[in-house]
Amino acid sequence: MIIRRLGSTGPTVSALGLGCMGMSDLYGPADRGESIATIRAAMDAGVTLLDTGDFYGMGHNELLIRDALRGRDRGRAVLSVKFGALRDPAGAWAGIDGRPEAVRSFLAYTLRRLGTDHVDVYRLTRVDPRVPIEETVGAIADMVRAGYVRHVGLSEAGADTIRRAATVHPISDLQIEYSLLSRGVEDQVLPACRALGIGVTAYGVLSRGLLGGHWTRDRELAAGDFRSSSPRFSGANLEHNMALVDALAEVAAARGATVAQIGIAWVLSRGDDIVPLVGARRRERLDEALGAMRVTLSPDDLAAIERAVPAGAAAGSRYAEPLMAELDSERSAAGAA
Ligand SMILES: NC(=O)c1ccc[n+]([C@@H]2O[C@H](COP(=O)([O-])OP(=O)(O)OC[C@H]3O[C@@H](n4cnc5c(N)ncnc54)[C@H](OP(=O)(O)O)[C@@H]3O)[C@@H](O)[C@H]2O)c1
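This structure is a prediction, so every number in the text was calculated from the model and none was measured.

Definitions and cut-offs
- Residues numbered from 1 in each chain as written.
- Predicted model: local features only at pLDDT ≥ 70, side-chain atom pairs only at ≥ 80, totals over all residues.
- Heavy atoms only, no water.
- Near = heavy atom within 4 Å.
- Polar contact = N/O pair within 3.5 Å; in protein donor to acceptor, adjacent residues only side chain to side chain.
- Areas by Shrake-Rupley, 256 points an atom, 1.4 Å probe, with all protein chains shown as cover.
- Helix = DSSP H or I, 4+ residues; strand = E, 2+ residues; numbered from the N terminus.
- Contact = heavy atoms within 4.5 Å.
- Pairing = 2+ DSSP bridges.
- Axes fitted to C-alpha atoms, helices over the stretch in contact; angles between N-to-C directions.

(A) Just the site of the ligand, in detail. Near the ligand there are 32 residues, and of these Tyr 27, Asp 51, Arg 126, Leu 206 and Arg 281 occur at the shortest range. Measuring from an oxygen atom of the ligand, one finds a backbone N or O atom of Leu 206 at 2.8 Å. Here the ligand has 900 Å² of accessible area as a free molecule, and 97% of this is covered by the chains. Looking at the shell around the ligand, the elements with two or more residues in it are strand E12 (274-278) and helix H9 (283-291).

Quick look at the structure:
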């Protein structure tokens, strides 16, 4: 397993992280036994970075990770946890809470659910517009000093917010969407991170499955599947985007790799300070994703990929309009894809 460091102050992690969200939420039903087997298989393969959120399945995802880690060396896992998303009993999203007192309470529940005495990287999932980022980060920094958290991260923050946050406490990494289809981070966010020695954990590397190579135009989505309201998966946008995937599939075939492997390898090639998270929910998908570590892209490969999927080629924004409005990263970089 290739190892990368999250920023100049963060933990050393596997160059590929496992995003566990889809095992509990947002992508339709998942098989519990297979989810646990996938987490264990990832760790057996040398994956150390496990990403979750306390709101993924409203605690379900953390309990799943606890069960997957039972009997294993806790020290080998780097647990990255997001907090702050509010939900109602029916599961509907109900805003963001980044207040210091909320930080402490969210963390208390997370530690109990995960069955651990510390979280490795703790981050607010969306910047709370009512709470200055300095206050939220300051509260996490207090938890670092108290020993409950090892590193402070950010999620979907824009360049200005990143700079403000970094004045309060060293930031290990920003978690943000980054893929061949979502390259908005390249303009302002990535340079800001690099200037401050902050790493990036990239999510949506397979564009929520669109770049996975297993998507079909007629796929039926379960109720509550995020993609049923995602602009990139609807109507003419989906047709356009699938044509990009078809073009990428030709590049992948010529390279003896799968589309997913090319998508992951491309993100890996963007810099040693970037760690892609993949949302594998089954061992089969995990194996495919791990295969990307063996794909080294030459300048010719990168040029062919760029021709197949040029920057800004995706049709549709990466979230539906109300969710886009919650992204500090998009406010700071208007027009970013
Ligand atoms: N900070 C944030 O705001 C934020 C937002 C979203 C996600 N995240 C984190 O990032 C992680 C990854 O995000 P994501 O799941 O949306 O992104 P993703 O990895 O782009 O997409 C996962 C989807 O890709 C499909 N897929 C196809 N081939 C695959 C392969 N070889 N390996 C893995 N997946 C493959 C999966 O399909 P099947 O399920 O059908 O196999 C799954 O539906 C999440 O689990 C979560 O931890 C963070």
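(B) Expanded view of the environment of Asp 97. Structurally, Asp 97 can be placed in the loop between strand E7 (93-96) and helix H3 (100-114). The spatial distance from the C-alpha of Asp 97 to the C-alpha of Tyr 319 is 20 Å, given a sequence separation of 222 residues. If we ignore the near neighbours within four places in the chain, the residues touching Asp 97 are Phe 83, Gly 84, Leu 86, Ala 102, Phe 106, Leu 124, Asp 128 and Arg 130. A distance of 2.7 Å separates a polar atom in the side chain of Asp 97 from a polar atom in the side chain of Arg 99.

(C) Geometry of the sheet that holds strand E10 (residues 171-177). The strand order around the closed barrel formed by eight strands is E3-E4-E5-E8-E9-E10-E11-E12, and the pairing between neighbours is parallel. Adjacent strand axes in the sheet meet at a mean angle of 30°, parallel and antiparallel pairs treated alike. Alignment of strand E8 (residues 119-124) against strand E9 (residues 149-155), held across three bridges, turns out to be parallel. Bridge pairing in E9 links Val 121 to His 151. The sheet strands contacting helix H4 (residues 133-145) are strand E5 (78-83), E8, E9 and E10, and the helix crosses E9 at an angle near 160°.

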